[in-house]
Amino acid sequence: AMAHGVGMVHQHFMQVGNLSVLDNVLLGAEPHAWLPRARRIARERLLDLMARTGLQVPLDRLVQDLNVGDGQRLEILKALFRGARLLILDEPTAVLTPQETEQLFEVLRRLRAQGQTTVIITHKLKEVMALCDQVTVMREGQVVMDAPVAQTTLAELAHAMVGRSLPVQDPTDSATVPGPVRLQVSDLRWRD
């Protein structure tokens with residue numbers, strides 16, 4: 001896939017914990033990765049790539065000491081370093097905090113502005129609506145919807161995903177605001 005410019009970032013990262021970030025990027029990518037000159041050139045390329053993309057990861061830190069967000073940025077850097085022109089991200093926000101998710105979205109928007117194509121595999125519909133230009137929904141191995149995001153709604157996406165209508169709550173709907181307490185119990189015990 002990489003020979004054709006396709007990079008995959010799996011939900012479960014493909015990293016060697018007892019190696020540095022730099023070594024993980026170079027592992028399998030550079031034939032002379034352990035030679036000082038090759039490492040220096042790779043480091044310069046990575047620093048440039050990080051500056052252009054916003055994917056900041058400490059190159060000399062051991063991977064086992066990274067947080068999840070840094071681990072994901074490392075996976076994206078590895079793919080881009082190897083020349084990926086198409087990035088496929090599998091459930092990229094599944095293990096990220098809301099702040100890390102927003103940082104990832106900023107990076108993906110920056111990459112898109114630079115001409116990078118990204119495919120995101122996710123079931124989080126609000127993220128699709130916030131980030132994507134085009135959406136394709138597959139169900140049981142078949143494409144059941146393919147449309148520009150601007151021409152669809154959350155309800156239509158949910159229907160396409162499960163094959164039937166689902167209630168999609170509007171966050172501004174007053175029904176989602178808790179009402180008065182109707183029952184309160186304290187010191188409840190059960191005897192058999």
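Structure first, text after, so check above.
Thresholds, definitions, all that
Residues numbered from 1 in each chain as written. Predicted model: local features only at pLDDT ≥ 70, side-chain atom pairs only at ≥ 80, totals over all residues. Heavy atoms only, no water. Buried < 20%, exposed > 50% of the residue type's maximum accessible area, 1.4 Å probe, protein only. Helix = DSSP H or I, 4+ residues; strand = E, 2+ residues; numbered from the N terminus. Arc of directions from axis to C-beta. Contact = heavy atoms within 4.5 Å. Salt bridge = Lys/Arg side-chain N within 4 Å of Asp/Glu carboxyl O. Polar contact = N/O pair within 3.5 Å; in protein donor to acceptor, adjacent residues only side chain to side chain. Axes fitted to C-alpha atoms, helices over the stretch in contact; angles between N-to-C directions. Parallel < 35°, antiparallel > 145°, perpendicular 65-115°, else oblique. Left-handed = near helix turned anticlockwise from the far one by under 90°. Nonpolar A, V, L, I, M, F, W, Y, C, P; charged D, E, K, R; others polar.

(A) Quick look at helix H6 (residues 154–162). The set of residues buried in H6 consists of Leu157, Ala158 and Ala160. Down the axis of H6, the sector holding all buried residues measures 165°, keeping them to one side. Downstream of H6 by a residue or two, Gly163 has a phi angle that is positive, lying close to 85°.

(B) Molecular detail of the environment of Ala29. Here Ala29 is to be found in the loop between helix H1 (21–26) and helix H2 (36–53). The spatial distance from the C-alpha of Ala29 to the C-alpha of Leu49 is 15 Å, given a sequence separation of 20 residues. Apart from residues lying up to four places away in sequence, Ala29 is in contact with Phe81 and Arg82.

(C) Structural detail: the pattern of salt bridges. Throughout the structure, instances matching the rule amount to seven salt bridges. For Arg52, the salt bridge is made with Asp48, and the minimal N-O distance between the two is 3.0 Å. Of the two residues, Arg52 and Asp48 both sit in helix H2, four residues apart, roughly one turn of that helix. By relative accessible area, which is 42% here, Arg52 ends up partly exposed.

(D) A look at the side chain of Asp23. Along the chain, Asp23 turns up in helix H1. A polar contact is formed between the side chain of Asp23 and the side chain of Arg39, at a distance of 2.7 Å.

(E) Structural view of the packing of helix H3 (residues 68–81) against helix H4 (residues 98–113). Interhelical geometry of H3 versus H4 gives an angle of 20° and a closest axis separation of 10 Å. By the angle between their directions, the pair H3 and H4 is classed as roughly parallel. Relative to H4, H3 is oriented so that their crossing is right-handed. Touching Val68, Gly69, Gln72, Arg73, Ile76 and Leu80 of H3 are Glu100, Gln103, Leu104 and Leu111, all from H4. In the contact of H3 with H4, the residues fall into five nonpolar, three polar and two charged.

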